[in-house]
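# Remarks on the overall topology
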Amino acid sequence: MRKIAVLDQNTIDKIAAGEVVERPASVVKELVENAIDAGATAITVEIKEGGIAFIRVTDNGGGIEKEQVPLAFLRHATSKIERVEDLLQISSLGFRGEALSSISAVSQMEVITKTGDALTGVRYVIEGGREKLFEEVGAPNGTTMLVRNLFFNTPARAKFLKTAMTEAGYVSGYMEQLALSHQDISFKYMVNGQTKLHTSGNSNLKDVIYGIYGRDITRELLPVSFERLGISIEGFIGKPVIARGNRNFENYYINGRYVKSKILMKAIEEAYKPYMMQHKYPFVCLHYEIQGEEIDVNVHPTKMEVRFQNQGAVYNATYDMITEALSKREMIPEVKLEK
Ligand code: ADP
Ligand code: MG
């Protein structure tokens, strides 16, 4: 692992900057992505009051070295890139070095962290961007990030938060995407002390889908596996009978990232068209692996719209794969009797 260092101005100017802390779900996203980047295989996320009062993310990743802890909270400080060119072959989810500094500026934050080769860990408290405490403590390997009272010092931003229930809903939606995109990591998600989701990390996508969507959906899925021109796609697509009236059922991941894509939306829609009524959308959960340079990670951090270099190839691969899977089965539409 590289040392944490502040990026030079030239690099800062070239990476798309953006405010990453909008609501509890965005804090959870940043903290979990850091845990994944740290190589964690088990991550626990706990929230209280929709995450406004309390967010705790615990991981078993590499930890942060004692002397490096305060550095991690500086603006534009990162261990993931050193210069702009590194973006071309980036494999981490983060690289801007903005999240911890932004979150700690608007909350009461505490980190406990220990690297594998250190004898003791560190507890560091920072509130509203001000360092409050730095002490050695006994701790397991890995990192715990605790964020209390988000926007406590910026009432204008706190005003834009919705109810705790709505905010918790955003976090839950994100946790589901996360579990579906990282089947190799065990996630535990707790809301007000209750476990809402617990995945095994056994790499079985179907198990994760079952845990989130239940039996009725899982038994109507078709497995797909496709490879062409450096694009490989794996996952499950739903039979037309389980289609829904909105797109919340469409999940796709490019190289492990949850993204939105008009091209993929269109390819899926066109492939299902012969089997589906208008304004119905299918269940899909598809993992794409495309060479690193094919996807641009440097779009605005909160935008998930992805740009493909070769849109046509991605469109065709998706369309052909779905068409083939659906036509293999006999798709007799289910007749529902009116009550
Ligand atoms: P970025 O992720 O863009 O590098 P962050 O502000 O999110 O910026 O984090 C700053 C740095 O702190 C990271 O580059 C990493 O070195 C370290 N860090 C943050 N969270 C963790 C974690 N959970 N485990 C280990 N290191 C971490
Ligand atoms: Mg980060």
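Since the model is a prediction, treat every value here as computed from it, not as a measurement.

Moving on to the overall build of the chain. Counting its regular elements, the chain contains 10 helices and 15 strands. For a compact globule of 339 residues, the expected C-alpha radius of gyration is about 20 Å, and the chain comes in at 21 Å, within 12% of that figure. When the backbone C-alpha atoms are referred to their principal axes, the chain occupies close to 65 × 50 × 40 Å. Taken over 339 residues, the chain has a buried fraction of 36%. Within the chain, contacts between residues separated by at least 24 positions form 68% of all contacts whose residues are at least 6 apart in sequence.

It is worth spelling out the site of ligand 1 at this point. N34, A38, T78, G94 and A99 are the nearest of the 23 residues found near ligand 1. Looking at the shell around ligand 1, the elements that each hand over two or more residues are α2 (24-37), β4 (77-78) and α4 (99-105). Top element by residues in the shell around ligand 1 is α2. It accounts for three residues. Partitioning the shell around ligand 1 into residue classes produces nine nonpolar, nine polar and five charged.

All right, on to the sheet that holds strand β15 (residues 284-290) then. Read across the sheet, five strands follow the order β11-β12-β15-β13-β14 without closing on themselves; strand pairing throughout is mixed. In this open sheet, the two strands that pair with only one neighbour each are β11 (221-228) and β14 (257-258). Of the strand pairs in this sheet, strand β13 (residues 250-254) and β15 are connected by five bridges, and their pairing is parallel. By the bridge assignment for β15, Y252 is matched with L286. Strands β13, β14 and β15 of the sheet are contacted by helix α6 (residues 164-181), whose axis makes an angle of about 55° with β13. Of the strands in this sheet, β12 (231-238) and β15 touch helix α7 (residues 205-213), which is tilted by about 35° from β12.

Domains assigned within the chain are domain 1 (5-198) and domain 2 (215-328). The gap between the C-alpha centroids of domain 1 and domain 2 is 29 Å.

A word on helix α10 (residues 311-328). Between its first and last C-alpha, α10 extends 26 Å over 18 residues, near the 26 Å set by a 1.5 Å rise per residue. Where α10 is concerned, the buried positions are V314, A317, T318, M321, I322 and L326. With its buried residues spanning 140° around the axis, α10 presents them on a single face. Within α10, the exposed residues directed more than 90 degrees away from the buried face are G312, E324, S327 and K328.

A few words now on the sheet that holds strand β5 (residues 108-114). An order of β7-β6-β5-β8-β3-β2-β9-β10 is seen for the eight strands of this open sheet, with the pairing classed as mixed. A single partner strand is all that each edge strand has here, and the edge strands are β7 (130-137) and β10 (194-198). On average, each strand axis in the sheet is tilted by 10° relative to the strand beside it, whichever way the strands run. Note that β5 and strand β8 (residues 142-148) share seven bridges and pair antiparallel.

Let us look at the confidence of the model for the chain. Averaged over every residue, the pLDDT of the chain is 90; the share at 70 or more is 91%. The ipTM assigned to the predicted complex is 0.99, against a pTM of 0.87.

Among the nonpolar cores identified, the biggest contains 71 residues, and V28, V32 and V57 are the most heavily contacted of them. Taken domain by domain, the makeup of this core includes at least three residues from each of domain 1 (5-198) and domain 2 (215-328).

As a further point, take unusual backbone geometry. Phi is positive for E49, which is not a glycine, with a value near 50°. Secondary-structure assignment places E49 in the loop between β2 (42-48) and β3 (54-59). Non-glycine residue F151 carries a positive phi angle of around 65°. Mapped onto the secondary structure, F151 falls in the loop between β8 and α5 (155-158).

Moving on, we get to the pairing of β3. Here β2 pairs with β3 via six bridges, running antiparallel. Pairing of T44 across the sheet is with T58, part of β3. Hairpin connection from β2 to β3: five residues lie between these consecutive antiparallel strands, with E49 at a positive phi of about 50°. By the bridge criterion, six bridges tie β3 to β8 in an arrangement that is antiparallel.

This part covers the environment of H198. Looking at where H198 falls in the secondary structure, it is placed in strand β10. Residues H198 and K159 lie 39 residues apart in sequence; the distance between their C-alpha atoms is 32 Å.

One way to put it is that helix α9 (residues 262-272) packs onto α10 with a least axis distance of 9 Å and a crossing angle of 30°. In terms of orientation, α9 lies roughly parallel with respect to α10. Crossing of α9 over α10 shows right-handed handedness. Facing I263, L264, A267, I268, E270, A271 and Y272 of α9, the residues of α10 in contact are Q311, V314, Y315, T318, Y319, I322 and T323.

The rules behind the values
Residues numbered from 1 in each chain as written. Chains lettered and ligands numbered in written order. Predicted model: local features only at pLDDT ≥ 70, side-chain atom pairs only at ≥ 80, totals over all residues. Helix = DSSP H or I, 4+ residues; strand = E, 2+ residues; numbered from the N terminus. Rg over C-alpha atoms; globule rule 2.2 N^0.38 Å. Buried ≥ 20, exposed ≤ 12 C-beta atoms within 10 Å, placed from the backbone. Contact = placed C-beta atoms within 7 Å. Near = placed C-beta within 6 Å. Nonpolar A, V, L, I, M, F, W, Y, C, P; charged D, E, K, R; others polar. Pairing = 2+ DSSP bridges. Axes fitted to C-alpha atoms, helices over the stretch in contact; angles between N-to-C directions. Domains from an automatic or database assignment. Expected span 1.5 Å × (residues − 1). Arc of directions from axis to C-beta. pLDDT = per-residue confidence, 0-100. Core = buried A, V, L, I, M, F, W, Y, C linked by C-beta atoms within 7 Å. Parallel < 35°, antiparallel > 145°, perpendicular 65-115°, else oblique. Left-handed = near helix turned anticlockwise from the far one by under 90°.

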